[in-house]
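For reference, the chains in residue letters:
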Amino acid sequence: MKKHLFLLLISIAFLSCKENTKKQTTGLITQKAMVVSARVEASKIGSDIMKQGGNAFDAMLATDLALAVAYPYAGNIGGGGFMVYRLADGEIGALDYREKAPMAASKDMYLDSLGNVIPNLSTRGALAVGVPGTVAGTFEAHKRFGKLPIETIMKPVIELAKKGVVVTKKQELRIAEKQEDFKKANTSDFLFSKKWKEKDTIKYHKLAETLTRIMQNGPEEFYKGKTAKILANHIQENGGIITEEDLANYKPKWRKPITFSYDDLNIISMSPPSSGGICLAQIMKMIEPYDLKELGHNSQRAIQVITEAERRAYADRSFYLGDPDFVTVPQEQLISDAYLQGRMLDFSFEKATKSKDVSHGNVEIIESDETTHYSIVDPFGNAIAVTTTLNSGFGSKLFCSELGFFLNNEMDDFSSKPGVPNVYGLVGAEANSILPEKRMLSSMTPTIVEKNGKLHMVVGTPGGSTIITSVLQTILNVHEYDMTMQEAVNAPRFHHQWLPDEIRMEPNSFPSETIQALKDKSYTINEEDSPVIGQVDAILVLENDTLEGGADRRGDDAAAGF
């Protein structure tokens, strides 16, 4: 009897242990508010603003500008971005502060006399720079929804710039990697020409001066003031075409987000000129009829279903999507059930579909991996998802020493020549060709998820063309596979973007038998070119209304809150 009792107790203990370890990995849990971003300094400043009575939009301005200081690799005032919001009362919306082509831009500006793309012209140096939107966008969000005075929000950021930011190991490697590009894009040495090492402190005195002028004079300072004059002169002296008039004419734009359902979730994501929301909707609607939970997380068959949906969505992306102010985007048709059911009719578990057999397009897409994302939930129940970028790491590599910041190379996100891949391998069509004052296509996918009418998740990531698929997998990991937010963010990721016709996988992250099974079905596997897929920063609202942050282990990302 005692023996049986002992065995019973052992069994209960074992099962209890198993149950306890099932959801062992959790991120930071907070009661009221949270910011998750690429650097702890930015997350903490955003969180502290909310502690002072600020809301998500106050924290947005603080976090965004703090990332410009702490994370110049992608955080910026010389770039642009997208924001999706959900207010406590359920109101939703989106803000587009994507960069624009200068007025002197032309369709063939990166082509030689034979019509071939001139290497590096759209990626490095002043001609690659689009008109920045970050300052206009963050101030516009604050103007509509913010509570605290600008000075209260910006003072901690200016102090951070003066005090300086400690270099991490990852930052040391990024700065070292770009030294040759810095030399090619700039005529003289500047702050980042130095070989900064881990634990060094970089002080941003000139950026602090620029931010102080913006704090005193508002966004007009950046677009029409002293800063605008210095910026336009610097770009032109280095061979660019942005003028003071381009800066003065820039305006962010409020957009209607893409919304769709998946099971019992309501997804709210970014609309064009981001391709993120439409592509995410297409993929999720195409995979919805399949029981992913039954197929198993990252199993051969689950990977097949998701890959084939991704292949078809990215083919549509390359052909149909662009700036809706310039081209007609058939977004209702693209995410309609009837259209998407037809897209998967030729899918079979027996063998891979070939991308050459999937229309649209005859073109491929490239887009930088070096974006950054942050997610915020405030004590009042408002939530925002923001993805912002310089495009490539440190953007165009052109640094304005007088103002203290890098400028984007966002012009490369246009189709320099339809049918020719950009720096990230993405192929584009006429819908994304260059025109004056047009916004370039993006994969940025800031996303908010509702469940049962309540806020459920705030998700987003950098990663260029892999952004959409990283957001997708993070949502699925929580919804289909019952992961915590941190587990969902940590899980290995894979990606397919139609062209090139391959499944990219994070190396040494998937079982060899799964990879072999996919190869046996005629899939090409690439574990070399994507050591990192996405860098997700997300928030999950738990059943007791507390918040769990998922800060990506792939970067220096961190959550902060209270």
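Residues numbered from 1 in each chain as written. Predicted model: local features only at pLDDT ≥ 70, side-chain atom pairs only at ≥ 80, totals over all residues. Heavy atoms only, no water.

### Some words on the pairing of strand S10 (residues 371-377)
We apply this condition: For every residue, the accessible area (1.4 Å probe, protein chains only) is compared with the maximum for its type, and the residue is labelled buried under 20%, exposed over 50%, or partly exposed between those bounds. Here a strand is any run of E in DSSP of at least two residues, a helix any run of H or I of at least four, and the numbering for each starts at the N terminus. Strand pairing requires that DSSP identify at least two bridges connecting the strands.
Of all seven residues in S10, seven are buried, a share of seventy percent or more. The alternating pattern of S10 places Thr-371, His-373, Ser-375 and Val-377 and Thr-372, Tyr-374 and Ile-376 on opposite faces, both of which are buried. As paired elements, strand S2 (residues 34-37) and S10 share three bridges and run antiparallel to each other. Of the residues in S10, the one forming a bridge with Val-36 is Ser-375. Where S10 and strand S11 (residues 383-389) come together, seven bridges link them in antiparallel fashion.

### Quick word on the pairing of strand S20 (residues 547-551)
Burial within S20 is extensive, with five of its five residues counted as buried. Burial along S20 is two-sided: Leu-547, Gly-549 and Ala-551 and Glu-548 and Gly-550, pointing in opposite directions, are all buried. In terms of strand pairing, strand S19 (residues 537-541) meets S20 through five bridges, oriented antiparallel. When the bridges of S20 are listed, Val-541 appears paired with Leu-547. The hairpin formed by S19 and S20 contains five residues between the paired strands, and Asp-545 there has a positive phi angle of roughly 75°.

### What to know about the confidence of the model for the protein chain
Convention followed: pLDDT is a per-residue confidence score from the predictor, ranging from 0 to 100. Residue contacts are defined here by distance: any two heavy atoms, one from each residue, within 4.5 Å place the two residues in contact.
Of all residues in the protein chain, 92% have pLDDT values of 70 or greater, and the mean over the chain is 93. Confidence over residues 12-21 falls short of pLDDT 50; this stretch has zero contacts with residues more than four positions distant or in other chains.

### A few points about the sheet that holds S20
Strand pairing in a sheet relies on backbone hydrogen bonds. The paired strands run either parallel or antiparallel. Cut-off, in case you're wondering: For helices, the fitted axis covers only the stretch in contact; all axes are lines through C-alpha atoms, and the angles between them, taken along N-to-C directions, range from 0 to 180 degrees.
The strand order across the open sheet built from seven strands is S1-S20-S19-S15-S14-S9-S8, with neighbouring strands paired in antiparallel fashion. Both edges of this open sheet fall to strand S1 (29-30) and strand S8 (258-262), since each of them pairs with a single strand only. Both S8 and strand S9 (residues 265-269) contribute to a ladder of five bridges, which runs antiparallel. Looking across to S9, one finds that Phe-260 is bridged to Ile-267. The sheet strands contacting helix H12 (residues 276-287) are S8, S9 and strand S14 (447-451), and the helix crosses S8 at an angle near 15°.

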